[in-house]
Amino acid sequence: MNMELTRRSFLVGAAALGGTLGLGTLASCSSGEASSQDNGTWDKEADLVVVGGGTGQAAAIAGAAAGMSVILIEARDMVGGAMAYSGGNAWLANTSFSQENGDSYEFAKKYLDHMQMGMDNEELVEAYLANTQKVVDVLTSNGVNIQPLPRNGQYQPNWEGADVIGRSCQVMGDNDGSDVSAAGGQRMNASLSQACESLGVEVLTKTRGQRLITTRESSDAVPEVIGIVATDKSEKEIRIKANKGVLLATGGFEWDEHLMNTYLRVPIPVGNAISWPENRGDGLRMVQAVGAELSLMTETFGMPNYTYHAQYARENETMVCQAGNANCNAAGSIIVDQNGRRFCREDAGYMSRNNTFGGYNNFGDEGYSCDPAWWICDQRCYDAIGGITGICASWGYPVPDIPEEEYVYQAETLQELGEAIDINVDQFVKTVEEYNAYAAEGKDPLFHRGEVGSMGMDPIPLKTLEQPPYYAVAMSAGTVGTIGGPRLNGNAQVMHVAGEPIKGLYAMGNCAGVGGPGPSYGGEGGTIGPAFVFGIIAVDHMANQE
């Protein structure tokens, strides 16, 4: 797919939505500081100011539909964010769509409780499950034709509470909504953008939020957010007053090396992300400056990919190719660490698989044993998937124009391949022989590969690696987006370290410290659906305030 054509298709009516600002220069504060008082001058004003034009568009629609004036600012030159590059699904448990197939609050909560991994997110789980139907109602009543996928889209179908169809939803197109291609994200973005335009949302592209404007009743009181300072497309500062609230939807911090190195528990190279380079932690820095409590800072919505593709993405400031993730579960392939051992169930969901890349070698020079890891396949597998980037290209996602010989190792024997990639050769050969024996029997007692399907599909049968030549590609942990950010309460309000909500400040999506909610991933659309939900919750809370 041509990248430029894809980018253009992300935005409906960009010229109509974008605004050019001619504003005078204002006195500025240093980056990251919160202005402590309102000086009485504003360049723009709205009831609701949404910062981030990806999933934030859903909140803008809800606000405008509720009668609020809405300004949406977006750092890029077009709305859509990573959502427009995705399959375009929204994971919404406990709606009329899934209830028709046996879902309920109680049944969905069993699955959500599994997703918490011991985290204290009960308030957020309850808020999510109580408000998913509102997302469907708001979107469909404003022209966004969101409908359920005709399959079970849970990424952990073996968990209690997973056996139900209708939780993953998509804006329908010419097909039945069952595709996993980039077309789904483009349809979602186009429909949201059109609804924003129809409802009169003022969209300012190439406008980046810089810091929050606050006021306090006293010097030691929790601040109240009354607006935001942003820079427009000419790099001039503008002050935007928010009468009811500022809602942050700025995405994660996966393109900021300092933040990544500081917080993440699994090592991920900057640039190995299914998001745009504008995701540099703007929202995180703004909330830290006003004293927000943080949550889930070590976690990501992970997705492993080829190391060389991550380097290319970083150097060219574009999203990483998804080919590595697409190939992980291909029959006739395995993933090994630097010790030559398998370390994960290769056909698991990408977030679950990504978390296994945090293994550590505590001998010799020490270091992470999967930094990088290696995806291994034989010729049969290579031909079946159409080469290293074949599956990804067939889904409609862009792939980098890099000759395979620059990053793909090939050898006639496993011994030669192990030597070429500098891993423990003896153990590597033993690992492949062991796996081939499992594949011949059709069972994997180590990691249970081949037992559980994904996205409503049957499990992929095991297949041996025995037809030379053999191939190896370096893999690294990656991410769809980081999760960490301000801790929220059940009203989507940002919580202060003093334990009180910061009045006038809300957050949603990957900048919000909410997750799915929690540190795990529900199913297809596991980031988009919860983002929509907490955006709707925030708007409802604003609308009901005096």
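How each quantity is defined
- Residues numbered from 1 in each chain as written.
- Predicted model: local features only at pLDDT ≥ 70, side-chain atom pairs only at ≥ 80, totals over all residues.
- Heavy atoms only, no water.
- Helix = DSSP H or I, 4+ residues; strand = E, 2+ residues; numbered from the N terminus.
- Rg over C-alpha atoms; globule rule 2.2 N^0.38 Å.
- Buried < 20%, exposed > 50% of the residue type's maximum accessible area, 1.4 Å probe, protein only.
- Contact = heavy atoms within 4.5 Å.
- Areas by Shrake-Rupley, 256 points an atom, 1.4 Å probe, with all protein chains shown as cover.
- Lys, Arg positive; Asp, Glu negative; His and termini not counted.
- Charge placed at Lys NZ, Arg CZ, Asp CG, Glu CD.
- Phe/Tyr/Trp six-rings, centres within 6.5 Å; stacked < 30°, edge-to-face > 60°.
- Core = buried A, V, L, I, M, F, W, Y, C linked by side-chain atoms within 4.5 Å.
- Axes fitted to C-alpha atoms, helices over the stretch in contact; angles between N-to-C directions.
- Parallel < 35°, antiparallel > 145°, perpendicular 65-115°, else oblique.
- Left-handed = near helix turned anticlockwise from the far one by under 90°.
- Nonpolar A, V, L, I, M, F, W, Y, C, P; charged D, E, K, R; others polar.
- Pairing = 2+ DSSP bridges.
- pLDDT = per-residue confidence, 0-100.
- 1 Å grid on protein atoms, 1.4 Å probe; cavity = no way out; pocket = protein on both sides within 12 Å on 5 of 7 lines; lining within 4 Å.
- Points joined across faces, edges and corners; volume = space filled by probe spheres on them.
- Salt bridge = Lys/Arg side-chain N within 4 Å of Asp/Glu carboxyl O.

Next up on the list: the overall build of the chain. Looking only at helices and strands, the chain features 17 helices and 22 strands. Taken over C-alpha atoms, the radius of gyration comes to 23 Å for the chain, in line with the 24 Å a tight globule of 546 residues would show. A principal-axis box enclosing the C-alpha atoms of the chain has dimensions of 75 × 50 × 45 Å. Looking at the chain residue by residue over its 546 residues, the buried ones come to 61%. For the chain, restricting intrachain contacts to residue pairs at least 6 apart in sequence, the fraction spanning at least 24 positions comes to 75%. As displayed, the chain has an accessible area near 20400 Å², and 45% of this comes from carbon and sulfur atoms. Measuring between centres, the 34 positive side-chain charges of the chain sit 4 Å from its 67 negative side-chain charges.

What follows concerns the packing of aromatic side chains. This structure, assessed with the given rule, holds 16 aromatic pairs. Measuring from ring centre to ring centre gives 5.4 Å for Tyr-308 and Tyr-407, while their planes differ by 10°; the resulting arrangement is stacked. One end of the pair, Tyr-308, is in helix H10 (residues 307-316); the other, Tyr-407, is in the loop between helix H14 (390-394) and strand S17 (408-411), with 99 residues separating them in the sequence. With a relative accessible area of 29%, Tyr-308 lands in the partly exposed category.

So, about helix H9 (residues 282-289). Considered for burial, the residues of H9 that qualify are Asp-282, Gly-283, Leu-284, Met-286 and Val-287. Where H9 ends, the next residue or the one after it, Gly-291, has phi of about 85°, a positive value.

A few words now on the nonpolar core. One broad rule of soluble globular proteins: the nonpolar side chains tend to lie buried together. Leu-139, Val-246, Leu-247, Leu-248, Leu-505, Phe-532 and Phe-534 are the most contacted members of the largest nonpolar core, which has 86 residues in total. A total of ten residues in this core trace back to one element, the largest contributor, which is helix H17 (residues 528-543). With sequence-adjacent residues up to four places away left out, Leu-248 is seen in contact with Val-51, Gly-283, Met-286, Val-287, Leu-505, Tyr-506, Ala-507, Met-508 and Cys-511.

The next thing to look at is the packing of helix H15 (residues 414-421) against helix H16 (residues 425-441). Think of two packed helices as two axes; the pair is described by the angle between the axes and how far apart they sit. Interhelical geometry of H15 versus H16 gives an angle of 135° and a closest axis separation of 9 Å. Regarding the angle of H15 to H16, the classification is oblique. Seen along the crossing, H15 lies across H16 with a hand that is right-handed. Residue-level inspection shows Leu-414, Gln-415, Leu-417, Gly-418 and Glu-419 of H15 in contact with H16, the latter providing Val-425, Phe-428, Val-429 and Val-432. Along the lines of polarity and charge, the residues of the contact of H15 with H16 split into six nonpolar, two polar and one charged.

A sheet is described by the order of its strands in space; here three strands give the open sequence S3-S5-S4, paired in antiparallel fashion. Every interior strand has two partners, whereas the edge strands, strand S3 (89-91) and strand S4 (146-148), have only one. Ignoring which end each strand starts from, the neighbouring axes of this sheet average 35° apart. Taken together, the three bridges between S4 and strand S5 (residues 168-171) define a ladder with antiparallel strand orientation. Paired with Pro-148 across the bridge in S5 is Cys-169.

Averaged over all residues, the pLDDT of the chain equals 90, while 90% of them reach at least 70. Segment residues 1-37 is flagged for pLDDT under 50; beyond a separation of four residues in sequence, or across chains, it makes 84 contacts in the model.

Here we come to empty space enclosed by the protein. All chains considered together, the criterion is met by four cavities of 30 Å³ or more. Put simply, the largest cavity is a space of about 50 Å³. What lines the largest cavity is simply Phe-301, Ile-483, Met-508, Gly-509, Asn-510, Val-514, Gly-515, Thr-527, Pro-530, Ala-531 and Phe-534. Among the elements that make up the lining of the largest cavity, the one with the highest residue count is H17 (three residues). Looking at the second largest cavity, its volume works out to about 40 Å³. Here the lining of the second largest cavity is composed, by residue class, of two nonpolar, four polar and two charged.

A few words now on the pattern of salt bridges. Scanning the entire structure with this criterion turns up 19 salt bridges. The salt bridge involving Asp-103 is made with Arg-167; its shortest N-O contact spans 2.8 Å. Here Asp-103, found in the loop between helix H4 (96-99) and helix H5 (105-115), pairs with Arg-167, found in the loop between S4 and S5; they are 64 residues apart in sequence, far enough to count as distant. Comparing Asp-103 with Arg-167, the two get one shared label, buried. Here Arg-380 ties to Glu-466 by a salt bridge, and the two come within 4.0 Å at their closest N and O atoms.

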